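Structural overview for review
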Amino acid sequence: MSSSSRDSFSTPPPPLDWKFSQVFGETAPGEDLQDADVVSSVGFENSGDYLAVGDRGGRVVIFQAKHGKHTPNSFLNRNELERLDSTFATHPEYQYKTEFQSHEPEFDCLKSMEIEEKINRLKWCSTSNGSLFILSTNDKTIKLWKVKEKKVKKVSEMEHHSVVCSENDLLSEGSFMSELDKPPTTNGYNLDWAEKIAKDTLSSQEVQTKITHTEEATRANCRKVYAHAHDFNINSISNNSDGETFISSDDLRINLWNLEISGQCFNIIDMKPLNMEDLTEVITVAEFHPIHCNLLAYSSSRGFTRLVDMRQSAICDHSARILKDAEYHGSKSFFTELIASISDMKFTNDGQHILIRDYMNLKLWDMRMDSSPVAVFKIHEHLRPKLSDLYNDDSIFDKFECCISGDGLHFATGSYSNNLRIFSHGVGNEEGITIEASKNPNRRSILHPASRPRRSSLSNMTRGFYRQGHENYRSGSNEFSCNLSSKLLHLAWHPTTNFIACASGNSLLMYYA
């Protein structure tokens, strides 16, 4: 850990005052929320100038920061321009740039299984020439997209030419031009007619050129498709710091890809047992180290986070270090493993700390200490008496994401009732700040917890044998003081400033401090 990073952790950061910035995709009162419009992934580009949002309908929407040549400020006076610069210095504002259909629903005939178009993860790729590349994945297929601006000609008005004035005339012109292959007659009629048609055609083109103008339009082109490499659903993708490779992980395997090679990948981690009945844990998330291209971390449903070095062997069976909280080494209950399952993790930019989110807590680990986390922020402790009810309606399997500020001092995650939880390391306030994701955010005291049909996934196989004995077990009252159907699962922190984008249903909300 660098001295500057160590000093920043020893000095408590000032408390942040969060304010609402923008909202996109707001649902009108009484309007039904379509499942295809629900946001399923959010991610900032490395510079923060672009923000990508994926939804369950397989679409990717890209927003761009309002600054530079894209800001219509040519008619502002000096005072207004200075105020605009000051505003952007505190927080950026975003505008819609483009969208494209990344994935379509498919059907696997061999397994008789439908493949959803939902975007599971989005990852921006680092490039040296400023080009925009983004990886998107659904359950089975990863795609590499290039987003670029093109100059498109727009016709402002159409002026009919005296000779070529309709589709029929164009067809007639073509029929006459086909006669040019025949030898000219003695009186030169065909040759004269060909010259007349060529002159009129040129004149028509000149007229159209004068009435057109060009506009900049953003297009996304699919450059690579990485498919047929996962037997189970893909849960995460992560770019390597070398800018050439990335990993994709499913419940049991992690594959290493080269961005330029879509037909081949290398399996570097395989947790599939010879007998599936012996399965005890599954992979939930994997992430490359932000600096060292040979290091990666992956977490499991048992609450373990393993750090591996790819230089040791082709198959990374042996972990360099295992992070496991000591609180789970003691007595265990039925729900211990369920709530220990890790749903997301993020490295700090210096690579010295890693933030881990399980169902109950948000934990900050020092990479050099594997005995216990350096900080634990409680998120759902008030729901502990209701774990049996959360299990019966499947809410206990919700996967909440987490994010870290660029300086590594502040952390955020989501909760139920669309609550955004924000914490700062070293401030001394373990409760942090709770903000309801809405246009009028207010700091709130923590609330306590709409049922839904049970889902089936491989991650439930490791605990499925517990299901029968607890099928109808209830802890008494089934009432929650928070809304389980409104949950803030996906969020991202701007790379360089205190700015958070989070998703609630089909709405994208942004806050700054």
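Residues numbered from 1 in each chain as written. Predicted model: local features only at pLDDT ≥ 70, side-chain atom pairs only at ≥ 80, totals over all residues. Heavy atoms only, no water.

Brief notes about the overall build of the chain
Worth spelling out the cut-off: Secondary structure elements follow DSSP: runs of H or I no shorter than four residues count as helices, runs of E no shorter than two count as strands, and numbering proceeds from the N terminus. In this scheme, a residue with accessible area under 20% of its type's maximum is buried, one over 50% is exposed, and one in between is partly exposed, where area comes from a 1.4 Å probe on protein chains only. Using a 1.4 Å probe, the Shrake-Rupley method yields the accessible areas, and only the shown protein chains count as cover for residues.
Counting its regular elements, the chain contains six helices and 30 strands. Out of the 513 residues in the chain, the part that is buried amounts to 48%. Summed over its atoms, the accessible surface of the chain is roughly 26,100 Å², and 49% of this surface lies on carbon and sulfur atoms.

Quick look at the pattern of salt bridges
What counts is decided by this rule: We define a salt bridge as a contact between a side-chain nitrogen of Lys or Arg and a carboxyl oxygen of Asp or Glu at a distance within 4 Å.
Applying the stated criterion across every chain yields a total of 19 salt bridges. One salt bridge in this structure joins D35 and R56, with 2.6 Å as the shortest N-O distance. A residue pair is termed long-range when its members are at least 10 positions apart, and D35 in the loop between β1 (19-24) and β2 (39-44) and R56 in the loop between β3 (50-55) and β4 (59-65) qualify at 21 residues. For D398, the salt bridge is made with K487, and the minimal N-O distance between the two is 3.2 Å. We note that D398, like K487, is buried. If you follow the salt bridges from partner to partner, you end up with R121, D344, K346 and E401 in one network.

Focus: the pairing of strand β15 (residues 261-270)
Quick note on the threshold: In this scheme, strands are said to pair when DSSP sees at least two bridges between them.
The pairing of strand β14 (residues 253-258) with β15 spans six bridges and is classified as antiparallel. Across the sheet, the residue bridging to W257 is C265, located in β15. Hairpin connection of β14 to β15: two residues between the antiparallel strands.

Some thoughts on the layout of surface pockets
To keep things clear, this is the line we draw: Here a cavity denotes grid points, spaced 1 Å and computed from the protein atoms alone, that fit a 1.4 Å probe unable to get out, and a pocket denotes an open set having protein on both sides within 12 Å along at least 5 of 7 lines; residues with an atom within 4 Å of a point are the lining. Grid points are joined across faces, edges and corners, and a volume is the space filled by probe spheres set on the points. Residues are grouped as follows: Ala, Val, Leu, Ile, Met, Phe, Trp, Tyr, Cys and Pro are nonpolar; Asp, Glu, Lys and Arg are charged; all remaining types, including Gly, are polar.
Roughly 1,000 Å³ of volume is contained in the second largest pocket. Lining the second largest pocket are 36 residues; nearest its centre among them are F44, N46, K123, E287 and K346. Class assignment for the residues of the lining of the second largest pocket results in 16 nonpolar, 14 polar and six charged.

A word on the environment of I119
Our working rule: Should any heavy atoms of two residues lie within 4.5 Å, those residues are counted as being in contact.
Along the chain, I119 turns up in the loop between β7 (113-115) and β8 (121-125). Dropping the residues within four chain positions of it, I119 is found in contact with S40, S41, G54, D55, G58, R59, V60, S102, H103 and T137.

Description of the sheet that holds strand β24 (residues 402-404)
Note the following rule: Each axis is a line fitted through C-alpha atoms, and for a helix only the stretch in contact is used; angles between axes span 0 to 180 degrees, taken between their N-to-C directions.
The four strands lie next to each other as β24-β25-β26-β27, forming an open sheet whose pairing is antiparallel. The sheet is open, and its two borders are formed by β24 and β27 (433-436), each paired with just one other strand. Recorded for the sheet is a direction-independent mean angle of 20° between the axes of neighbouring strands. With four bridges joining them, strand β26 (residues 419-424) and β27 adopt antiparallel strand pairing. Pairing of L420 across the sheet is with I435, part of β27.

Concerning empty space enclosed by the protein
In this structure, the largest cavity encloses a volume near 80 Å³. Contributing to the lining of the largest cavity are twelve residues, with G303, I342, I356, K363 and W365 lying nearest its centre. Grouping the amino acids of the lining of the largest cavity by side-chain chemistry returns six nonpolar, two polar and four charged.

Here we look at the environment of N240
Where we set the bar: Here a polar contact is recorded for every N or O atom pair within 3.5 Å, except that within protein the pair must consist of a potential hydrogen donor and a potential acceptor, and residues adjacent in sequence are included only if both atoms are side-chain atoms.
Looking at where N240 falls in the secondary structure, it is placed in the loop between β12 (236-239) and β13 (245-249). When its relative accessible area of 7% is taken as the criterion, N240 is described as buried. The spatial distance from the C-alpha of N240 to the C-alpha of E287 is 8.8 Å, given a sequence separation of 47 residues. Polar side-chain contacts of N240 include one of 3.5 Å to the side chain of S241.

In short, shape yes, function no, at least from these values alone.
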